[in-house]
Amino acid sequence: MSDFDLDALLAGAVDDYNQQTLPQIRPVGSGRARATATHRKRVHTAIMSAVALVVVAVPVGVYAASDHNHNGPPVVGSSRSASPAPSESPSAAPSSAPPTLAAITQQELSNATLSLPSWSDGNGCPSGTVKLHNGQFGGGNVPASQLLKAASVDLDRDGSADAVAIFICHGGDPGLEMAVAFHRAPDGSIQTLGKVVTGIYTIADVRAGDAGTVQLQVSDLAGSDGAAATGQVKQWRTYEWDGTRFNQTAGSTSFTVAVPALTVTLSDLTFEAPVNGKRTGTMTVTLRNGGTTTISNASVVYELTVGTVTAPTCDQVVADLPFSGQCAVQPIAAGATATVTFTMIDDQGAAASPGSTPLQETGENLVQIRVGDQKLATQPPLGKVILK
Amino acid sequence: MIAVSQRGAPERASSVSRSAVRGPTTGPADFEELYAAHFSGLVLQINAYVNNLTEAQDLVQEAFTRAVARWDKLARYDDPATWVRRVAWNLATSRWRRQRTANAFLARQREQHAPGPNPDRVALTAALATLPPTLRKAFVLYYVAQLSITEIANEEDVAEGTVKSWLHRARTQVAAHLTDPREGN
C-alpha cells in the first residue's frame, strides 16, 4: 500500500469515526459541571465543619477516658431514634423477645416496605415509608435510592439477629449514604431500630462486631474524585445501640488528626536531563518530630502520575494502581527526623515541558501524610516539577 | 520507514469542523464558551482511546468539572483548553477511570444515552484497541485531535523523531487491522 493509499485509508476511517460518533455525544452541560463542582465543595466544607465539631466536642483524652457516652461522627442518631415512638421502640431487655425470630436478611430487606429516618441532607431523598424492589426505591419525583449492603447482628441482644443496612440516595454526586438498623418485631414484621450514622461521605461496608456492636467502614471521600481513590481515608468504626440511640464506641472519630509536633516538608520533584529519552527524578518527604514522644505510626500516601516510582517499594493503596502507594515511616523518636525519598522515571513523557511547573498542575498527584488511620489535618503543600 | 508529514493524512473535506475537534488555541472568554467549543471534540479523542463513549463523556465531564472548580485561575491561562485536554487525557490514561468504573453503584446509576456502536466505529476503535497505549494516544492526538508532530512531541516530552516513529508504527498497525479481511472490512 502506498503512502497515499495509507493516508487516505486512515483519514477516511477517522473522518467516518468523527461523523458517526459526534451525533451520539450528549454533553451533560456546563451547568452540570458547575453544579457538581459546587456540590463537592459544599460537601467537603460540610464534612470539614462536622469533623471540626466532633474534634471540639470530643478531645482525644476525653474519648479515651469516656465509656460509650460521647457522640460519634456527625448526625449520629436522629430525633426518631433519640425519641422512638413506643410502638416502634423495642425492648432492650434480653428476655423480652423470643430468641427464635428469624434473622433479617439483605434479600428480605431488598423487597420490603421500610420506615427510613431522615437523611443528613434533605435533597429530597426518600424517607418515611419506602417500598423497596430488588433493593431499589425512590425515583420519579425523588432521587433514585438503593440498599447497598446489609449485615446481621444482634444489636438489642435479644437473641435474634437484627440487621444494619447501608442505603444510598443519588441526590447528588456521589450521593448521600446512611446506615439504618432494623429489628424483627414479635409479629414477624421488620421495624426500624434507628439510624446508626449518616452524614459521612461514604459508608463502604458493614459487619457485625463483638457483643452486639456493628462496625461500619467509612471514608472521607468518594471515588469519583480523582485523588479520592488514593487519598481517601478508610476507617472501621464501631457503634452500639444503647436502647434509644447508637453511639460510637471504638475507632477513630475523625478522619483528620492534628499532630503539632510533626513537621512535614516536601521537596520539589526534580528530573535530571534525559538519558536515552528517560528522565530520573527525585523528591524527598521530610518528617521531623519536634515533640517529646516517639511517633510510631506515620505513613506517606502518594499518587504520582508524572512518572513511574521506582523507589521506595510501598504497600498498595488501591488495587491495580501502580502510581500510588502507602509507605510506612519508621518510628520517629523525639527530636529526630525521618526522610522518604521517592525516585521516579519519566518514561511516559508525562512531565511537562522543561522548566518549573507546580506539581498539582501536571496531573493527579497527591502526597498525604497519615498518622495511624487518620490524615494530618494540615498537609504539606506540593512542590514543583523541575525539569533540567 | 515511511516518513510522516506534519499533517500525514491528506487534506479532505470533512463535516467535522476543526474547532469542534480541537478548538481554538486562544482562551475563550468564559467557562460556558470553553465547554461548548471543546466538549464534543474532547469526547471524540477520549472515546477513540478508551473505546467507550459513555465513559469518555464521563471523563471529559470530569475534566470540565475540575476546570470550573478552579476557573478563576484557569481563566488567566492563554489556552485553558489545553489544561482541560491534559486533565481529560490524564484521567483516561490513569487508573482513576478504572476505579470509577469499578464503582458499582455509579455504574448502576449510569444512564445509557448512546445507541450501540455501528460497525464502522467499531472498526476504527477496534483497530486502535490493538495498539499499545503510547501509540494509540499518539494516533488519536494526531488524527483525531489534529495536533502537529511538534505539538505532540512537546506534550509528551519526547523528540519529534520519537513521535514520527510512534505514528509510523500506529499507522501501519491500524491500516493492517482495517484492511484485514478477517476483521470483516
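In this convention, every chain numbers its residues from 1, walking through the sequence in written order. Chain letters and ligand numbers both follow the written order, the letters beginning at A and the numbers at 1. Only residues with pLDDT of at least 70 are given local features in this predicted model, and only at 80 or more are side-chain atom pairs given and counted; all residues enter the totals for whole chains, interfaces and linings. Hydrogens and waters are ignored; side-chain quantities use all the structure's heavy atoms.

**Student:** Would you mind going over helix α1 (residues 3-21) of chain A with me for this structure?
**Tutor:** Two residues of an α-helix separated by three or four positions point the same way, owing to the 3.6 residues in each turn. Per the convention used, a helix needs a DSSP run of H or I reaching at least four residues, while a strand needs a run of E reaching at least two, with both numbered from the N terminus. Helices are assigned an expected span. That span is 1.5 Å times one less than the residue count. Over its 19 residues, α1 of chain A runs 27 Å from end to end, which matches the ideal 27 Å to within 8%, given 1.5 Å per residue. Those residues of α1 of chain A that fall on the buried side of the exposure criterion are Leu 6, Asp 7, Leu 10, Ala 11, Gly 12, Ala 13, Val 14, Asp 15, Tyr 17, Asn 18 and Thr 21 of chain A. Between buried and exposed lies partly exposed: a residue is buried under 20% and exposed over 50% of the maximum accessible area for its type, with that area taken using a 1.4 Å probe on protein chains only.

**Student:** Help me out: how do you make sense of the packing of aromatic side chains in this one?
**Tutor:** Two measures describe an aromatic ring pair: the distance that separates the ring centres and the angle between the ring planes. Centre distance within 6.5 Å is the pairing criterion for rings of Phe, Tyr and Trp, where only the six-membered ring of Trp is used; planes under 30 degrees apart are then read as stacked, over 60 as edge-to-face, and the remainder as tilted. Under the definition given, this model contains 13 aromatic pairs over all chains. Measuring from ring centre to ring centre gives 4.9 Å for Tyr 35 of chain B and Phe 39 of chain B, while their planes differ by 25 degrees; the resulting arrangement is stacked. Taken as a pair, Tyr 35 of chain B and Phe 39 of chain B lie in helix α2 (residues 31-50) at a separation of four residues, close to a single helical turn. Here Tyr 35 of chain B and Phe 39 of chain B have matching classes, each one buried. Stacked on the ring of Phe 255 of chain A, the Lys or Arg Arg 237 of chain A has its end atom at 4.5 Å from the ring centre. For a ring to carry a charge above it, either NZ of a lysine or CZ of an arginine must fall within 6 Å of the ring centroid while also lying within 35 degrees of the normal to the ring plane. Over the aromatic face of Tyr 49 of chain B sits the side chain of Arg 136 of chain B, whose NZ or CZ is 4.4 Å from the ring centroid.

**Student:** Quick question: what am I supposed to make of the nonpolar core here?
**Tutor:** Generally speaking, a soluble globular protein has its nonpolar side chains buried in company with each other. Membership of the largest hydrophobic core comes to 62 residues, with the highest contact counts inside it found for Phe 31, Ile 46, Phe 64, Phe 139 and Val 174 of chain B. Note on definitions: a residue-residue contact is assigned when non-hydrogen atoms from the two residues lie within 4.5 Å. Not counting chain neighbours up to four residues away, the residues in contact with Ile 46 of chain B comprise Asn 51, Ala 56, Leu 59, Val 60, Ala 88, Trp 89 and Ala 92 of chain B. Each nonpolar core is a collection of buried residues, namely Ala, Val, Leu, Ile, Met, Phe, Trp, Tyr and Cys, held together in the definition by side-chain atoms within 4.5 Å. Core analysis: the next-biggest nonpolar cluster, separate from the first, contains 30 residues, Phe 271, Ile 332, Val 340 and Leu 376 of chain A among them.

**Student:** Would you mind showing me how to read the sheet that holds strand β22 (residues 374-376) of chain A here?
**Tutor:** Residue and element names in this part refer to chain A. Two strands are counted as paired when DSSP detects at least two bridges linking them. A sheet is described by the order of its strands in space; here five strands give the open sequence β12-β22-β21-β16-β18, paired in mixed fashion. Across the chains shown, the open sheet's two edge strands, defined by having one partner strand only, are β12 (256-257) and β18 (324-328). Bridge analysis of β12 against β22 gives two bridges, and the strand direction is parallel. For Val 257, the partnering residue across the bridge sits in β22 and is Leu 376.

**Student:** Would you take a moment to explain the confidence of the model for chain B for this structure?
**Tutor:** Detailed reading of predicted coordinates is not advised where the pLDDT is low. All names here are of chain B. Residue-level confidence of the predictor is summarised by pLDDT, bounded by 0 at the bottom and 100 at the top. Summing up the model confidence of chain B, the mean pLDDT is 71 and the portion of residues at 70 or higher is 65%. Long-range and interchain partners of residues 95-120, a stretch whose pLDDT sits below 50, account for 54 contacts in this model, where long-range means more than four residues apart. Both confidence scores are given for the complex: pTM 0.52, ipTM 0.75.

**Student:** What is the right way to read unusual backbone geometry from this model?
**Tutor:** Keep in mind that most residues, glycine aside, have a negative phi and that most peptide bonds are trans. Pro 312 of chain A follows Ala 311 of chain A through a cis peptide bond whose omega is -5 degrees. Relative to the helices and strands, Pro 312 of chain A is located in the loop between β17 (308-311) and β18. The phi angle at Asn 51 of chain B is positive, at roughly 60 degrees, despite the residue not being glycine. Note on placement: Asn 51 of chain B falls in the loop between α2 and α3 (53-69). A relative accessible area of 38% means that Asn 51 of chain B is categorised as partly exposed.

**Student:** Honestly, the packing of α2 of chain B against helix α5 (residues 80-93) of chain B in this entry has me stumped. Any pointers?
**Tutor:** Axes are the key here: two packed helices are described by the angle between their axes and the distance separating the axes. Residues and elements named next belong to chain B. Helix axes use the C-alpha atoms of the stretch in contact, all axes being lines fitted to C-alpha atoms, and the angles between their N-to-C directions lie in the range 0 to 180 degrees. Axis separation between α2 and α5 bottoms out at 10 Å; the angle between their running directions is 30 degrees. Between α2 and α5, the angle falls in the class roughly parallel. Considering how the two elements wind past one another, α2 and α5 form a crossing that is right-handed. Contact residues: α2 offers Leu 34, His 38, Leu 42, Gln 45, Ile 46, Tyr 49 and Val 50, while α5 offers Pro 80, Ala 81, Val 84, Arg 85, Ala 88, Trp 89, Ala 92 and Thr 93. Grouping the constituent residues of the contact of α2 with α5 by class yields eleven nonpolar, three polar and one charged. What sets the label is the angle itself: under 35 degrees gives roughly parallel, over 145 gives roughly antiparallel, 65 to 115 gives roughly perpendicular, and the rest give oblique. In this scheme, a crossing is called left-handed if the near helix is turned counterclockwise away from the far one by less than a right angle; it is called right-handed if the turn is clockwise. We call Asp, Glu, Lys and Arg charged. Ala, Val, Leu, Ile, Met, Phe, Trp, Tyr, Cys and Pro are nonpolar, and the rest, Gly among them, are polar.

**Student:** Mind showing me how you'd approach the packing of α1 of chain A against α2 of chain B here?
**Tutor:** Packing of α1 of chain A against α2 of chain B brings their axes to within 11 Å, and their N-to-C directions diverge by 115 degrees. Both α1 of chain A and α2 of chain B take part in a crossing whose hand is right-handed. Packed against α1 of chain A, whose contacting residues are Tyr 17, Asn 18 and Thr 21 of chain A, the element α2 of chain B presents Val 43, Leu 44, Asn 47 and Ala 48 of chain B at the interface.

**Student:** Sorry if this is basic, but what is going on with α3 of chain B here?
**Tutor:** Residue and element names in this part refer to chain B. For α3, with 17 residues, the first-to-last C-alpha span of 24 Å sits near the 24 Å given by 1.5 Å per residue. Across the 17 residues of α3, 15 count as buried, placing the element largely inside the fold. A 3.5 Å cut-off defines polar contacts: any pair of N or O atoms within that distance qualifies, except that in protein one atom must be a possible hydrogen donor and the other a possible acceptor, and neighbouring residues in sequence count only when both atoms are side-chain atoms. Where α3 begins, the side chain of Asn 52 points an oxygen toward the backbone nitrogen of Thr 54, at a separation of 3.2 Å.

**Student:** Explanation requested: the pattern of salt bridges in the structure shown.
**Tutor:** Oppositely charged side chains can pair when the atoms bearing their charge come close. The salt bridge definition used is simple: a Lys or Arg side-chain nitrogen within 4 Å of an Asp or Glu carboxyl oxygen. By the definition in use, this model includes seven salt bridges over all chains. Between Asp 220 of chain A and Lys 375 of chain A there is a salt bridge, with the nearest N and O atoms lying 2.8 Å from each other. With Asp 220 of chain A in the loop between β9 (213-219) and α6 (228-231) and Lys 375 of chain A in strand β22, the pair connects residues that are 155 residues apart, well separated along the chain. Among the salt bridges present, the one from Arg 66 of chain B reaches Glu 62 of chain B, with a minimum N-O distance of 2.6 Å. Here Glu 62 of chain B and Arg 66 of chain B lie together in helix α3, a separation of four residues that amounts to about one turn.

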